[in-house]
Amino acid sequence: MASTPPQTSKKVRNNSGSGQTVKFARRTSSGRYVSLSRDNIELSGELSGDYSNYTVHIPPTPDNQPMATKAEEQYVSNSLFTGGFNSVTRAHLMDKVIDSDVTHPQMAGAKGSSCAMPACDGKVMKDERGKDVMPCECRFKICRDCFMDAQKETGLCPGCKEQYKIGDLDDDTPDFSSGALPLPAPGKDQRGNNNMSMMKRNQNGEFDHNRWLFETQGTYGYGNAYWPQDEMYGDDMDDGMRGGMVETADKPWRPLSRRIPIPAAIISPYRLLIAIRFVVLCFFLTWRIRNPNEDAIWLWLMSIICELWFGFSWILDQIPKLCPINRSTDLEVLRDKFDMPSPSNPTGRSDLPGIDLFVSTADPEKEPPLVTANTMLSILAVDYPVEKVSCYLSDDGGALLSFEAMAEAASFADLWVPFCRKHNIEPRNPDTYFSLKIDPTKNKSRIDFVKDRRKIKREYDEFKVRINGLPDSIRRRSDAFNAREEMKALKQMRESGGDPMEPVKVLKATWMADGTHWPGTWAAATREHSKGDHAGILQVMLKPPSSDPLIGNDSDKIIDFSETDTRLPMFVYVSREKRPGYDHNKKAGAMNALVRASAILSNGPFILNLDCDHYIYNCKAIREGMCFMMDRGGEDICYIQFPQRFEGIDPSDRYANNNTVFFDGNMRALDGVQGPVYVGTGTMFRRFALYGFDPPNPDKILEKKESETEALTTSDFDPDLDVTQLPKRFGNSTLLAESIPIAEFQGRPLADHPAVKYGRPPGALRVPRDPLDATTVAESVSVISCWYEDKTEWGDRVGWIYGSVTEDVVTGYRMHNRGWRSVYCITKRDSFRGSAPINLTDRLHQVLRWATGSVEIFFSKNNAILASKRLKFLQRLAYLNVGIYPFTSLFLILYCFLPAFSLFSGQFIVRTLSISFLVYLLMITICLIGLAVLEVKWSGIELEEWWRNEQWWLISGTSSHLYAVVQGILKVIAGIEISFTLTTKSGGDDNDDIYADLYIVKWSSLMIPPIVIAMVNIIAIVVAFVRTIYQAVPQWSKLIGGAFFSFWVLAHLYPFAKGLMGRRGKTPTIVFVWAGLIAITISLLWTAINPNSGPVAAAEGVGGGGFQFP
């Protein structure tokens, strides 16, 4: 096949140096690539079936552009792209992605009718509606390869033997159904008839932008948006079409969101109590310092140091809670502004900005593929304009199991997504939906719902069987292919005269469904095929949908979708390249790879990232977030943080897994300052903010520009960032650099009000997106390579920030430090739901990871003490508390031992329980209770949840936080790196009990400090009580004081003790061994320290009234 020089994409046609050369090739059964010319291939009949060499070519003239574009996009979506460091980017044409049949026209592997060319088994490409694409008027069916050959050789149609032509469309009238306004050619009379042929439509009835550009030499500019001037269409146009904003201004302006303050009857007493407790705390600490216990100065000194730190820690935690607020959104207003038909948008094409959704996974053994697949299905079924949604899965393990599971999910989405739209299903995670214990017919009005639900349930059960059977299917397939390769190698060895007794050495490869090697991680890891060493992989599972609805019918599917839009969002599988010797920066590096790849493929101005087990529970969640981003003043919002909600938590929430005090209390309070912190998932980002830019300053920017709705360049946002500095900050991808101002422009609020100084014109985002071409996809493969970030600012200023295991907090802090603000969005129906570890050991390790990241933040340049002036004071205190709270464990552990020391020694932290001490203690306690009650009121949490949080604070503070401090200090001093493993998301031994994990006891060294504290306090209470009884003059006041605080410690440790006990005798022997060892050690230690006790001392009259065991 004669190859032609590679052409650059239309997006970079003016930058010829940025094109990517892509070789389309079919790999042999052994998975190898061989570069052969067409002559060599034709001469070799044996190889002609295995090898085909293609070079991407898009004819530049509009005569054949529509067919080439359609075929090219379908060809790209059927190819698995691989590439990386010092390797050629290849696109492997997939005959099939999964073993099961593929029916949806958008999915990889979907083919059309057979090609009519003799001796060709190719398939005719399909358009977005699943119909065959035929480039000639004679309707001759031809595949993409034969069509390209005919174009290059003769230009004649093999059917009618005439030149290919699109058809005479010059007499077509302008078509406004696309929702895009016609664009005037430069230098033309806007009132004349020179734009008669401007609105060209291709053979599929869609507006052909490329032909218009070719004929008029026009240009779109940044963002593919052009704002027409008033009366550019003449006086005979409808008033609603003139100027574009008239029809919007005719409607009364309404905000998309509202800020609701906390009622004064709650917040005013709350702030007053904070002030009172602060004053009482100052007086109490002053009194404690001035009244030492001379009899036990060591006990007094330890207690006063701990209490001073606790007071400081309380200030850091409490002061940022002075300004809690609530917010509300209006989805009806959002719909009226962006989705309603109008004279300029008769079809109601949405003007909402695009959004890219990121899901990350790393290990299919610990993160089950079925869980990830259900998450992706909930995303694909989200209630948002389909053409505006793009889904990306980052598989950091490069596992074929994850790849095929996602392909199965894309195939099942062909039924699940239209079913959800047809019957308004909630939630749209199929596993959760079919597990609901409610009447499924509630609020369902269609008579065919029960029948459809029964069918889709049967299909989902089969889908689960296929997903769960993938590991065994891949293993059996690979064993069969590897056995075949061994037989081939053995045959070749015998033919070559080799020693038949010599063992045959064949790599144990992992094979894909089309009979070729998987380019990622193999089950038997080998060089270039292991978790830390494999090529970059990118597969467009679902190609971009058409801009107009694709209504189904009652014959194609098992369910009647004759009134339902059957389009699916674009879905891309990504596994970044990994090589030995490179620091891949864990999840943060994977997220940054997705940011770059998505910027080239879809460039949604907003990004929503989710964990693989965190699915969309409210299908309108994205619309809720857009109400803040698109509202007046939303241009300086860097991200929208949604609260995390969890499923599978035990009813008592033993280990405070729901974390409601943080999500409904602390985060709501920070929303009234500068915004909540970023917590790693359920967050909608502004892409422009992730690029490391400062928030826009409309006053300064508009001084340089004539129009407030004009697109800008990167130097307009950062004067120090000119064109020559772009590669240093963002890398050498021209497409990536060009996408930045486009994303910024499309992410602006709507300029539908005079007070909106920094917005975009209505209708600017109704233009359909460009189809995918191989050059674009090849560029996206290059930006996920392991070398791309070298000598750039990715991970330092741009994207997710590196250097901490809690990259989420650091990333949010950097944005706030540049002056951005964030918003907390609590919806009536939970936006997202996920899973959390309910096992004690897993929970402790989870908290250990968070606390270690906080210690790293404290010892880094991200410490809030070093923040800029753009960070507000209360926000600075909140971030300071994030880095300091693990160090409280040092004082907390000491304070938990003080009651036991007091009981053993017979002394107390004060000389006597004086009236002053008791009054101060009473006032502090009353303030604590009052604050807790009022905080429960304005945050909406329950008192029991508040108490569970207090218990877990002490448990984690005496275990995970202590280890985190030690690990953090070791990393700073000795440079010892910290590594964590993923928490296994699986059930326990009891399949019938969803809370089985709660009772599993897995020993960990993190359990040692709480066990020691509990045992020491229990023994101390017993020893002090017995000693007091047998004393001649019992010191009940000291016993009560020490015993009270010991019981306070033990009450907080009750959930920990309950977790150790497990159930049905599952408590490990090590627990009893530790308990006995601790008891014996303490007894011997006490005997050595205070030998003047016991029967001998009592007989000698020493030590008052001694005691002896009967």
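Parameters and conventions
- Residues numbered from 1 in each chain as written.
- Predicted model: local features only at pLDDT ≥ 70, side-chain atom pairs only at ≥ 80, totals over all residues.
- Heavy atoms only, no water.
- Helix = DSSP H or I, 4+ residues; strand = E, 2+ residues; numbered from the N terminus.
- Buried < 20%, exposed > 50% of the residue type's maximum accessible area, 1.4 Å probe, protein only.
- Areas by Shrake-Rupley, 256 points an atom, 1.4 Å probe, with all protein chains shown as cover.
- pLDDT = per-residue confidence, 0-100.
- Contact = heavy atoms within 4.5 Å.
- Pairing = 2+ DSSP bridges.
- Expected span 1.5 Å × (residues − 1).
- Axes fitted to C-alpha atoms, helices over the stretch in contact; angles between N-to-C directions.
- Parallel < 35°, antiparallel > 145°, perpendicular 65-115°, else oblique.
- Left-handed = near helix turned anticlockwise from the far one by under 90°.
- Nonpolar A, V, L, I, M, F, W, Y, C, P; charged D, E, K, R; others polar.
- Bend = angle between axes of the 7 residues up to and from the residue.
- Patch = residues over 30% accessible without salt bridge, like charges linked within 9 Å, V, L, I, M, F, W, Y side chains within 5 Å.
- Salt bridge = Lys/Arg side-chain N within 4 Å of Asp/Glu carboxyl O.
- Polar contact = N/O pair within 3.5 Å; in protein donor to acceptor, adjacent residues only side chain to side chain.
- Core = buried A, V, L, I, M, F, W, Y, C linked by side-chain atoms within 4.5 Å.
- Phe/Tyr/Trp six-rings, centres within 6.5 Å; stacked < 30°, edge-to-face > 60°.
- Disulfide = S-S within 2.5 Å.

## A closer look at the overall build of the protein chain
In step 1: Across its full length, the protein chain holds 34 helices and 19 strands.
In step 2: Each of the 1110 residues in the protein chain was classed as buried or not, and the buried ones make up 56%.
In step 3: A total of about 47500 Å² of accessible surface is found on the protein chain, and carbon and sulfur atoms cover 55% of it.

## A closer look at the confidence of the model for the protein chain
Where the model shows low pLDDT, its predicted coordinates should not be examined in detail.
In step 1: Looking at the protein chain as a whole, its pLDDT mean stands at 79, while 75% of the residues score no less than 70.
In step 2: The least confident element of the protein chain is strand β2 (residues 53-55), whose mean pLDDT is 37; the most confident is strand β15 (residues 637-641), at 97.
In step 3: For the stretch residues 986-990, pLDDT sits under 50, and the model shows eleven contacts to residues farther than four places along the chain or on other chains.
In step 4: Low pLDDT, under 50, characterises residues 1093-1110; the stretch is placed with 14 contacts to residues that sit more than four places away or in other chains.

## Structural notes on unusual backbone geometry
In step 1: Of the consecutive residues Glu-426 and Pro-427, the connecting peptide bond is found in the cis state with omega at -10 degrees.
In step 2: Along the polypeptide, Pro-427 turns up in the loop between α10 (400-423) and α11 (430-434).
In step 3: We note that Asn-603 has phi near 55 degrees; this positive angle belongs to a residue other than glycine.
In step 4: By the element assignment, Asn-603 lies in the loop between α14 (586-601) and β13 (606-611).
In step 5: A positive phi angle, close to 50 degrees, is found at Asn-659, a residue other than glycine.
In step 6: As for its placement among the helices and strands, Asn-659 is situated in the loop between β16 (645-647) and α16 (660-670).

## Section: the sheet that holds strand β19 (residues 832-835)
In step 1: An order of β14-β19-β16 is seen for the three strands of this open sheet, with the pairing classed as mixed. The sheet is open, and its two borders are formed by β14 (615-616) and β16, each paired with just one other strand.
In step 2: Strand direction decides the pairing type here: β16 and β19, joined by three bridges, are parallel. When the sheet's bridge partners are listed, Glu-647 is paired in β19 with Ser-835.

## Side note on helix α13 (residues 470-495)
In step 1: In this model α13 runs 37 Å from its N-terminal to its C-terminal C-alpha over 26 residues, within 8% of the 38 Å that 1.5 Å per residue would give.
In step 2: Of the positions making up α13, those classed as buried are Leu-470, Ser-473, Ile-474, Arg-477, Ser-478, Asn-482, Glu-485, Leu-490 and Met-493.
In step 3: Of the surrounding secondary structure, the elements contacted by the buried residues of α13 are α10 and α12 (449-468).
In step 4: Looking one or two places after α13, you find Gly-497, whose phi comes out positive at around 85 degrees.

## Regarding the environment of Pro-762
In step 1: Summarising the element assignment, Pro-762 is placed in the loop between α21 (734-746) and α22 (774-782).
In step 2: Pro-762 gets classed as buried once you look at its relative accessible area, which sits at 10%.
In step 3: Counting along the chain gives 13 residues from Pro-762 to Pro-749, while the straight-line C-alpha distance between them is 9.6 Å.

## Brief notes about the packing of α10 against α13
In step 1: The geometry of α10 relative to α13 is characterised by a closest axis approach of 10 Å and an angle of 120 degrees between their N-to-C directions. Viewed along their axes, α10 and α13 adopt a mutual orientation that is oblique. With respect to the hand of their crossing, α10 and α13 are arranged in right-handed fashion. In this structure, α10 contributes Leu-400, Leu-401, Glu-404, Ala-405 and Glu-408 to the contact, and α13 contributes Leu-470, Pro-471, Ile-474 and Arg-477.
In step 2: Taken together, the residues of the contact of α10 with α13 break down into six nonpolar, no polar and three charged.

## Topic: the environment of Phe-628
In step 1: Note that Phe-628 resides in helix α15 (residues 621-629).
In step 2: For Phe-628, a relative accessible area of 4% translates into the label buried.
In step 3: Contact partners of Phe-628, with chain neighbours within four places excluded, come to Ser-257, Arg-327, Thr-329, Gly-634, Ile-637, Ile-640, Val-823 and Cys-825.

## Notes on helix α26 (residues 888-905)
In step 1: Over its 18 residues, α26 extends 25 Å from the first C-alpha to the last, a length consistent with the 26 Å expected when each residue adds 1.5 Å.
In step 2: Taking the largest bend as the criterion, α26 deviates by roughly 30 degrees, centred on Leu-898, and proline Pro-899 comes between one and four positions later.
In step 3: Where α26 ends, the next residue or the one after it, Gly-906, has phi of about 80 degrees, a positive value.

## Quick word on a nonpolar patch on the surface
In step 1: A contiguous nonpolar patch, built from Phe-1025, Ile-1029, Tyr-1030, Trp-1036 and Ile-1040 and spanning about 510 Å² of accessible area, is present on the exposed surface.
In step 2: Secondary structure elements with two or more residues in the nonpolar patch: α30 (1008-1030) and α31 (1036-1052).
In step 3: The element contributing the most residues to the nonpolar patch is α30, with three residues.
In step 4: Mapped onto the elements of the fold, Tyr-1030 is located in helix α30.
In step 5: Overall, Tyr-1030 belongs to the partly exposed group, its relative accessible area being 42%.

## Focus on the environment of Ser-378
In step 1: By the secondary structure assignment, Ser-378 is in helix α9 (residues 369-380).
In step 2: Excluding its chain neighbours within four sequence positions, the residues that come into contact with Ser-378 are Arg-428, Asn-429, Tyr-615 and Ile-616.
In step 3: A polar contact of 2.6 Å, which involves the side chain of Ser-378, links it to the backbone oxygen of Thr-375.
In step 4: Within the structure, Ser-378 has its side chain in polar contact with the backbone nitrogen of Ile-616 (distance 3.2 Å).

## Observations concerning the pattern of salt bridges
Oppositely charged side chains can pair when the atoms bearing their charge come close.
In step 1: On inspection of all chains with the given rule, the structure shows 46 salt bridges.
In step 2: Here Arg-687 and Asp-356 are joined by a salt bridge, their closest N and O atoms 2.5 Å apart. Of this pair, Arg-687 sits in helix α17 (residues 687-690) while Asp-356 sits in strand β7 (residues 355-361); the two residues are 331 residues apart in sequence, bridging distant segments of the chain. In this structure, Arg-687 and Asp-356 share a single accessibility class: buried.
In step 3: Counted as one network, the salt bridges with shared partners bring together Lys-422, Arg-446, Asp-448, Asp-452 and Glu-563.

## Structural notes on the nonpolar core
In step 1: Counting 146 residues, the largest nonpolar core has Leu-538, Tyr-691 and Phe-730 as the members making the most contacts within it.
In step 2: Those residues in contact with Phe-730 that lie beyond four places of it in its chain are Tyr-691, Phe-693, Leu-721, Leu-736, Ile-740, Tyr-788, Trp-794 and Val-798.
In step 3: Leu-380, Ile-640, Met-684 and Phe-832 belong to the second largest nonpolar core, which has 83 residues in total.

## Notes on the side chain of Lys-578
In step 1: With respect to the element layout, Lys-578 can be found in the loop between β12 (570-575) and α14.
In step 2: Looking at Lys-578, its side chain comes within polar contact range of the main-chain oxygen of Asp-396, at 3.1 Å.
In step 3: Setting aside its immediate chain neighbours within four residues, Lys-578 contacts Asp-396, Lys-531, Gly-532, Asp-533, His-534 and His-584.

## Describing the pairing of β13
Remember that side chains alternate between the two faces of the sheet whenever the strand is regular.
In step 1: Most of β13 is tucked away: five of the six residues are buried.
In step 2: Bridge count between β7 and β13: six bridges; the pairing is parallel. Each bridged residue has a counterpart across the sheet, and for Leu-357 the counterpart in β13 is Leu-608.
In step 3: Pairing between β13 and strand β17 (residues 683-686): four bridges, direction antiparallel.

## Examining the packing of α26 against helix α29 (residues 960-974)
In step 1: The contact between α26 and α29 brings their axes to 8 Å, and the two run at 130 degrees. Taken together, α26 and α29 sit at an angle that is classed as oblique. Seen from above, α26 lies across α29 with left-handed handedness. On α29, the residues that touch Ser-889, Leu-890 and Ile-893 of α26 are His-961, Leu-962 and Val-965.
In step 2: Its residues assigned to classes, the contact of α26 with α29 shows four nonpolar, two polar and no charged.

## As for the packing of aromatic side chains
In step 1: Scanning the entire structure with this criterion turns up 45 aromatic pairs.
In step 2: With a centroid separation of 5.3 Å and an interplanar angle of 90 degrees, the aromatic rings of Phe-310 and Tyr-895 are classed as edge-to-face. Here the residue Phe-310 occupies a position in helix α7 (residues 297-318), and Tyr-895 occupies one in helix α26, the gap between them amounting to 585 residues.
In step 3: For the ring pair Phe-412 and Tyr-460, a centre distance of 5.8 Å and an interplane angle of 45 degrees mean the geometry is tilted.

## Quick look at the state of the cysteines
In step 1: Applying the stated criterion across every chain, the model contains zero disulfides.
In step 2: Here Cys-619 is not disulfide-linked; the sulfur of Cys-420 is the nearest cysteine sulfur, at 8.5 Å.

## With respect to the side chain of Thr-958
In step 1: Its place among the elements puts Thr-958 in the loop between α28 (943-957) and α29.
In step 2: A distance of 2.9 Å separates a polar atom in the side chain of Thr-958 from the backbone oxygen of Leu-954.
In step 3: Setting aside residues up to four positions removed in sequence, Thr-958 forms contacts with Leu-892, Ile-893, Cys-896, Pro-1009, Pro-1010 and Ile-1013.

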